[in-house]
Amino acid sequence: MRRLFMLTRERLRTGRRARILSSIPWSMPVLFFATAYIIAFSLIAWLYGTHSISIGVAFLIYYYTQQLSQPIMMISNQLDDFQKASAGIVRVQELMGTQSELTDGEGIPLPEGPLSVDFKQVDFGYGEEEMVLQDVSFHLKPGEVLGLLGRTGSGKTTITRLLFRLYDPAAGKVELGGVDVAHAHLSDLRRHIGIVTQDVQLFHATVRDNLTLFDNSIDDAHIERALQQLGLTDWFHKLADGLDTMLAANGGGLSAGEAQLLAFTRVFLHNPGLIILDEASSRLDPATEQLIERAVDTLLSGRTGIIIAHRLGTVKRADTILIMDSGHIAEYGEREALQMDSHSQFARLLLTAHEAEVLA
Ligand SMILES: Nc1ncnc2c1ncn2[C@@H]1O[C@H](COP(=O)(O)OP(=O)(O)OP(=O)(O)O)[C@@H](O)[C@H]1O
Ligand SMILES: [Mg+2]
């Protein structure tokens, strides 16, 4: 009760001050006009009383006073806007002053080429209480492809976020190419990882700028070469203005599959040593699916890959399979061995997925 009382009193004080401050721009013109009318009517009364002016001039004095009202109201409104804007600037400054909880590593360089990936007894939770990942350990050799499966909310995307170091694990270690990700420079780490997320972020800009992420040092020849290697040249040439086609923000103008193709090219241009592919779960038309299949093959050749797969076609590419179940590893092993073992969860998943595909 005491704390509530103190807080309420504080709130009253702050609220009162805010009210008074915000009423100034509003009450100024009202006061101004009250004064102006008093002066105008006194003047009229005096001048008319001494017969110096006619009734017409008396009306004009009143009329001109009234004419002032609109511009003064506008100035007052603008003062109001200015107050709001300065409050906004304070908020923006606070936001800009926010420090990331992650501290940049001391800069142990990551090796070039395909990278190994190690999770060592990793625990992680977004909040303090609930752990989203518990005791997750796995190892990927350079060039190996891991298929990550599991129900929605089981922690698949979270695993990729830890690799990209958007968060630090609560316990355990994440290593990339034998280097603890906490010890590498963030910029170096992120240069070595190519990530295609479930929802691709597009900018209101040309296809070229969307591919290079506004990096002018990448020339068109380089982009064309990447498109050709990914087998996407024809698809890009079908766009209205080629590389100059304008895209709308938030996925406008491209289908989910097309946005993924664009994201593949984006990643391919940076030539990372590890590719993380968080597949969109939406169904794709067969033509786009074929394009994606081919592009993924090119993308993964000579690189380590982690694929969060929603489609059978993508799972077939994996060397090892990891199935997550509410933050725990439910199954982990070589794909072929798991496929043979009819008791494995993976074999059962394949069976149901296959049935679903045949039925569709
Ligand atoms: N930014 C966040 N803040 C708090 N909790 C989160 C956040 N992102 C995810 N979670 C929680 O963490 C758990 C794992 O989420 P995650 O995104 O890793 O699932 P997923 O396996 O990728 O699911 P999907 O197959 O739907 O993509 C979920 O319970 C989710 O509610
Ligand atoms: Mg996800």
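Not measured: the values here are computed from a predicted model.

> Describe the site of ligand 1, and please don't skip the residues or the numbers.
Taken together, 13 residues form the shell around ligand 1, and within it Thr152, Gly153, Lys156, Thr157 and Thr158 come nearest. One of the side-chain N or O atoms of Thr152 is found 2.5 Å from an oxygen atom in ligand 1. The side chain of Arg161 places a nitrogen or oxygen atom 3.2 Å from a nitrogen atom of ligand 1. When ligand 1 is considered free in solution it has 640 Å² of accessible area, and contact with the protein chains removes 61% of it. In terms of residue class, the shell around ligand 1 is built from three nonpolar, seven polar and three charged.

> Can you break down a nonpolar patch on the surface residue by residue, with the values?
On the surface, a cluster of nonpolar side chains totalling about 420 Å² of accessible area is made up of Phe59, Leu60, Tyr63 and Tyr64. In this structure, Phe59 sits in helix α2 (residues 55-67).

> Let's hear about the sheet that holds strand β2 (residues 133-140): which residues, and what values?
Either a parallel or an antiparallel arrangement is found when strands of a sheet pair, and the pairing is made through backbone hydrogen bonds. Read from one edge to the other, the open sheet built from four strands follows the order β2-β1-β4-β5, with strand pairing classed as antiparallel. With partners counted over all chains shown, the strands left at the sheet margins are β2 and β5 (179-180), one partner each. Of the strand pairs in this sheet, strand β1 (residues 117-124) and β2 are connected by five bridges, and their pairing is antiparallel. Paired with Val122 across the bridge in β2 is Val136. The strands that helix α4 (residues 156-163) touches are β1, β2 and β4 (171-176); relative to β1, the one it contacts most, it runs at about 115 degrees.

> Tell me about the pattern of salt bridges, and name the residues and values.
A side chain with one charge can pair with a side chain of the opposite charge if their charged atoms come near. Summed over all chains, the structure comprises 11 salt bridges. One salt bridge in this structure joins Glu175 and Lys173, with 3.6 Å as the shortest N-O distance. In this structure Lys173 comes out as partly exposed when scored by relative accessible area, which is 37%. Residue Asp244 pairs with Arg208 through a salt bridge whose shortest N-O separation is 2.9 Å. Within this pair, whereas Asp244 is found in the loop between α8 (233-237) and α9 (256-270), its partner Arg208 is found in helix α6 (residues 207-212), the two being separated by 36 residues in sequence. Beyond isolated ion pairs, a larger network of salt bridges with shared partners links Glu112, Asp188 and Arg191.

> Residues and numbers for the UniProt feature "transmembrane region" (unreviewed entry) in the protein chain, please.
Under the UniProt annotation, the feature "transmembrane region" (unreviewed entry) is placed at residues 20-39 and 45-64. As annotated, residues 20-39 has a helix share of 100% and a strand share of 0%, and its two end C-alpha atoms lie 27 Å apart. Secondary structure within residues 45-64 divides into 75% helix and 0% strand; the distance between the first and last C-alpha atoms comes to 16 Å.

> An account of the pairing of strand β10 (residues 328-334) is requested, with residue identities and associated values reported.
In the sheet, strand β9 (residues 320-325) pairs with β10 via six bridges, with the strands oriented antiparallel. Note on β10: the bridge partner recorded for Ile323 is Glu331.

> Mind laying out unusual backbone geometry, listing which residues take part and the relevant values?
Its identity is not glycine, yet His51 carries a phi of approximately 60 degrees, on the positive side. Relative to the elements of secondary structure, His51 occurs in the loop between α1 (2-49) and α2. Its relative accessible area of 72% is what places His51 among the exposed residues. The phi dihedral of Arg165 is positive, around 55 degrees, even though this residue is not glycine. Within the fold, Arg165 resides in the loop between α4 and β4. The class of Arg165 is buried, set by a relative accessible area of 2%.

Each value, and the rule that gives it
- Residues numbered from 1 in each chain as written.
- Chains lettered and ligands numbered in written order.
- Predicted model: local features only at pLDDT ≥ 70, side-chain atom pairs only at ≥ 80, totals over all residues.
- Heavy atoms only, no water.
- Near = heavy atom within 4 Å.
- Polar contact = N/O pair within 3.5 Å; in protein donor to acceptor, adjacent residues only side chain to side chain.
- Areas by Shrake-Rupley, 256 points an atom, 1.4 Å probe, with all protein chains shown as cover.
- Nonpolar A, V, L, I, M, F, W, Y, C, P; charged D, E, K, R; others polar.
- Patch = residues over 30% accessible without salt bridge, like charges linked within 9 Å, V, L, I, M, F, W, Y side chains within 5 Å.
- Salt bridge = Lys/Arg side-chain N within 4 Å of Asp/Glu carboxyl O.
- Helix = DSSP H or I, 4+ residues; strand = E, 2+ residues; numbered from the N terminus.
- Pairing = 2+ DSSP bridges.
- Contact = heavy atoms within 4.5 Å.
- Axes fitted to C-alpha atoms, helices over the stretch in contact; angles between N-to-C directions.
- Buried < 20%, exposed > 50% of the residue type's maximum accessible area, 1.4 Å probe, protein only.
- UniProt positions renumbered as here; feature names shortened; annotations may be inferred.

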